[in-house]
Amino acid sequence: MSLAQVTKQKSYLNRPKALGITVRRLQFHPEKIKRHYFANSPVMSHMLTALSSTFPIGEQFFVHSVRNVRDKVTDPTLQAQIAAFIGQEAMHSKAHSEFNDAWRRDHYNLDRFQAWLARKNIHVRSLHPKIQLAITCAFEHFTALLGGYILRHPEVLSTLDEDAIKLWVWHAIEEIEHRSVAFEVYQAVYGDDRVRRLLMRSVTTGFASLTLYSTTRLFWQDKWRSLPKIGGNLFGLYLLAKMFIQLLPEYLSYYKADFHPAEQDYSQIVKYWKEKMANEYHMQSFQEEVMPKLYS
């Protein structure tokens, strides 16, 4: 292959800087996060931990599915977005691996579940790149929904430890920032909305089953501490039901003919939380955005 051909194939390396997507490193102390960190509710805490246990493998798969087809993307702006998307997802995988390792300290057995996930991951990576990318689009819709919900309900976050807030708010902000990338890559390369919507149905069923199964396993491993907290568990179930009802219209928007992930405006709530992360939690990556002159 000639040098000219290689340069043409790797044209995405000569990309502009991504707008609106910032790769940040998270400094936090996962070992300080208490066992039932979410509103003293075992149900909600175990559900978030169950989600966290899927993120290292899941985020790596999302990156893989986009990389599969990035050489087919000709728009330099979208190429810049892809690069930032990959950077953010790499940081998420790292942070949640640290969080998961801290939970192994408390004798939670995540290993068997994660080994099962790894086997499923091998299978999914053998599918056609179009199917892999459609799966990523569906999951990115879910993570943006959940991220937006977390940021819009500060009264829920007020019950979290400082390090738990840093982890989940940081992750929520970045999921919102890059929520359109996989979708726009899919539209640019394939543009098949029928397949995209069909895969969302399959992902919804699988995601719900996976979350229920892994949450139940964590709850049962912790049963002697979880079962006595009846009030916390009832409150957690209430929060889940409320969240499901409130997010249903936004979830269903994915099936619209003119759907686009950016149609939901999160700009003000994201701005609010960036400032809060910078000023109240002294997170340097956010301080550099909110007060750039002090860090230039």
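Calculation criteria
- Residues numbered from 1 in each chain as written.
- Predicted model: local features only at pLDDT ≥ 70, side-chain atom pairs only at ≥ 80, totals over all residues.
- Heavy atoms only, no water.
- Helix = DSSP H or I, 4+ residues; strand = E, 2+ residues; numbered from the N terminus.
- Contact = heavy atoms within 4.5 Å.
- Areas by Shrake-Rupley, 256 points an atom, 1.4 Å probe, with all protein chains shown as cover.
- Salt bridge = Lys/Arg side-chain N within 4 Å of Asp/Glu carboxyl O.
- Buried < 20%, exposed > 50% of the residue type's maximum accessible area, 1.4 Å probe, protein only.
- Polar contact = N/O pair within 3.5 Å; in protein donor to acceptor, adjacent residues only side chain to side chain.
- Core = buried A, V, L, I, M, F, W, Y, C linked by side-chain atoms within 4.5 Å.
- Phe/Tyr/Trp six-rings, centres within 6.5 Å; stacked < 30°, edge-to-face > 60°.

- For the protein, an unreviewed UniProt entry supplies the name Metal-dependent hydrolase and the organism Acinetobacter ursingii ANC 3649.

## Brief notes about the overall build of the protein
In step 1: Across its full length, the protein holds 13 helices and 0 strands.
In step 2: Put simply, the protein runs from its N terminus to its C terminus through helices and strands in the order α-α-α-α-α-α-α-α-α-α-α-α-α.
In step 3: Across its three principal axes, the protein shows a C-alpha extent of roughly 65 × 50 × 35 Å.
In step 4: In the protein, the share of contacts with a sequence separation of at least 24, taken over all contacts with a separation of at least 6, comes to 84%.
In step 5: Element-wise, carbon and sulfur atoms account for 59% of the exposed surface of the protein, whose accessible area totals about 14,700 Å².

## With respect to the pattern of salt bridges
In step 1: The tally for this structure, following the rule as stated, stands at 14 salt bridges.
In step 2: Here Arg35 ties to Asp222 by a salt bridge, and the two come within 2.6 Å at their closest N and O atoms. Of this pair, Arg35 sits in the loop between α1 (3–9) and α2 (42–67) while Asp222 sits in the loop between α9 (193–221) and α10 (223–226), and the two are 187 residues apart along the sequence. Summarising the burial analysis for this pair, Arg35 and Asp222 share the class buried.
In step 3: We note a salt bridge from Arg196 to Asp193, for which the minimum N-O separation is 3.2 Å. Of this pair, Arg196 and Asp193 both sit in helix α9, 3 residues apart, roughly one helical turn.
In step 4: Look at the salt bridges and you will find they share partners, linking Arg24, Glu174, Glu177, Lys274 and Glu289 into a network.

## Here we look at the side chain of Ser52
In step 1: Following the sequence through the fold, Ser52 ends up in helix α2.
In step 2: Looking at Ser52, its side chain comes within polar contact range of the side chain of Asn100, at 2.9 Å.
In step 3: Those residues within four positions of Ser52 in sequence are excluded, and the remaining contacts are His96, Phe99, Asn100 and Trp168.

## Concerning the nonpolar core
In step 1: Core analysis: the biggest nonpolar cluster contains 78 residues, and Tyr37, Phe38, Leu151 and Val185 have the highest contact counts within it.
In step 2: Apart from residues no more than four positions distant in its own chain, Tyr37 is found in contact with Ser45, Leu48, Thr49, Phe99, Trp103, Thr159, Leu160, Asp161, Ala164 and Trp168.

## With respect to helix α8 (residues 181–189)
In step 1: Among the residues of α8, Val181, Ala182, Phe183, Val185 and Tyr186 are the ones counted as buried.
In step 2: Lining the buried residues of α8 we find α2, α3 (76–104), α5 (129–152) and α9.
In step 3: A positive backbone phi angle near 65 degrees is found at Gly191, which sits one or two residues after α8.

## Thoughts on unusual backbone geometry
In step 1: A positive phi is found at Asn40, a non-glycine position, where the angle reads about 55 degrees.
In step 2: When you line up the elements, Asn40 lands in the loop between α1 and α2.
In step 3: Here Asn40 falls in the partly exposed class, since its relative accessible area comes to 39%.
In step 4: One non-glycine residue, His282, lies in positive phi territory at about 55 degrees.

## Describing the packing of aromatic side chains
In step 1: Counted according to the given criterion, the structure contains 14 aromatic pairs.
In step 2: On the numbers, 6.0 Å between centres and 90 degrees between planes, the contact of Tyr37 with Phe99 is edge-to-face. Of this pair, Tyr37 sits in the loop between α1 and α2 while Phe99 sits in helix α3, placing them 62 residues apart in sequence. Comparing Tyr37 with Phe99, the two get one shared label, buried.
In step 3: Ring geometry for Tyr254 and Phe259: centres 5.0 Å apart, planes at 55 degrees, overall tilted.
In step 4: The class of Tyr254 is buried, set by a relative accessible area of 1%.
In step 5: Owing to a relative accessible area of 7%, Phe259 belongs among the buried residues under this scheme.
In step 6: Members of the aromatic cluster, connected to one another through ring pairs, are Phe61, Phe62, Phe139, Phe142, Phe183, Phe207, Tyr251, Tyr254, Tyr255 and Phe259.

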